[in-house]
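# Survey of secondary and tertiary structure
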Amino acid sequence: MLLKKSWLILITMLLLGAMLLMGCAAPAEEPAAEPEAEEQAVEEHQPATILIAAAASLENAYVESLIPMFEQQYDWITVEGTYDSSGKLQTQIEEGLAADIFMSAALKQMNALVEGGFVEQAAVIELLENKIVLIEPAAAPSGIDSFEQAADAAIIAIGDPESVPAGQYAQEAFTSLGIWEQVLAKASLGTNVTEVLNWVAEGSADIGVVYATDAASNDGVTVIAEAPAGALAAPVIYPVALLADAPQAEAAQLFIDFLQSDEAAAVFTEYGFTVN
């Protein structure tokens, strides 16, 4: 009987000891807090420089407004431009100019690059339209009132039709009026439309043929008249395209997309272009 009681006491003491040990044990560790979600990494862009080969008549709009606007939005992209007659730029591209974008003042030069494999036809965007106008020095009126009277001037400034679209349009207009040969005999041929504009503004020529946008950019000239209706077979279109071998195609495409935006359209309109 005494042995039985001893066993009961022993078991009771063991149970009490176990309970005491459990009570003194360190509290269970709380689950670790969920790690905070990592912030989405900001995409890092590698700096890029793109080169646009553009008609001389686009230089003011690009340099003064469009390029600064674009570079503010895409601060990792630098836009450089080379501006000249569309024909000269076409030749430079064919000879290896590492440009990303070509924007000409006529479809002729763009079509030539498409045929040569330098531009994909699907990439061509007929972005703008311009007008051809006859101008005279603001300080020295010529007495000429219309395209039809142009041959009466002593010196007529026009772009060289071999490479300058404005000159090609001038030749087309004067040919349709039947006075091209008379005009050519008195013509001073410029290497691009900006040179023609400056000649007239400084009085080196009595009249000249430029784009309406060029005339609007220079207070030194006055517009005499627009080319007569029907004098040109087609509108004066400014196409733009990504070159097939553009060194910075991705960044260049962003610039082309920007040129088609509403904000770019407002700039082109301000400079006298019609946006298609």
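Everything below is about the structure printed above this text.
The notes below deal with the structure included here. (Residues numbered from 1 in each chain as written. Predicted model: local features only at pLDDT ≥ 70, side-chain atom pairs only at ≥ 80, totals over all residues. Heavy atoms only, no water.)

With that settled, consider helix H4 (residues 107–115). Buried residues of H4: Gln109, Met110, Leu113 and Val114, and no others. One side of H4 holds all its buried residues, which, seen down the axis, span an arc of 145°. Exposed residues lying more than 90 degrees from the buried face of H4 are Lys108 and Glu115. Each element contacted by the buried residues of H4 is listed here: helix H3 (86–94), strand S3 (101–103), helix H5 (165–176) and strand S10 (236–242). Positive phi appears at Gly117, one or two residues downstream of H4, with a value of about 85°. (Buried < 20%, exposed > 50% of the residue type's maximum accessible area, 1.4 Å probe, protein only. Helix = DSSP H or I, 4+ residues; strand = E, 2+ residues; numbered from the N terminus. Arc of directions from axis to C-beta. Contact = heavy atoms within 4.5 Å.)

Restricting attention to buried positions, one finds in H3 the residues Ser86, Gly87, Leu89, Gln90 and Ile93. Around the axis of H3, the buried residues are gathered within 160° of arc, so they sit on the same side. Positive backbone phi, at 115°, marks Gly96, one or two positions downstream of H3.

Leu58, Tyr62 and Phe255 are the most contacted members of the largest nonpolar core, which has 75 residues in total. Among the elements that make up this core, the one with the highest residue count is helix H9 (residues 249–259) (6 residues). Beyond its immediate chain neighbours, meaning those up to four positions away, Leu58 contacts Met103, Leu128, Tyr238, Phe268 and Phe273. Leu89, Ile93, Phe102 and Leu113 belong to the second largest nonpolar core, which has 13 residues in total. (Core = buried A, V, L, I, M, F, W, Y, C linked by side-chain atoms within 4.5 Å.)

Without other data, these values stay purely geometric and don't point to any function.
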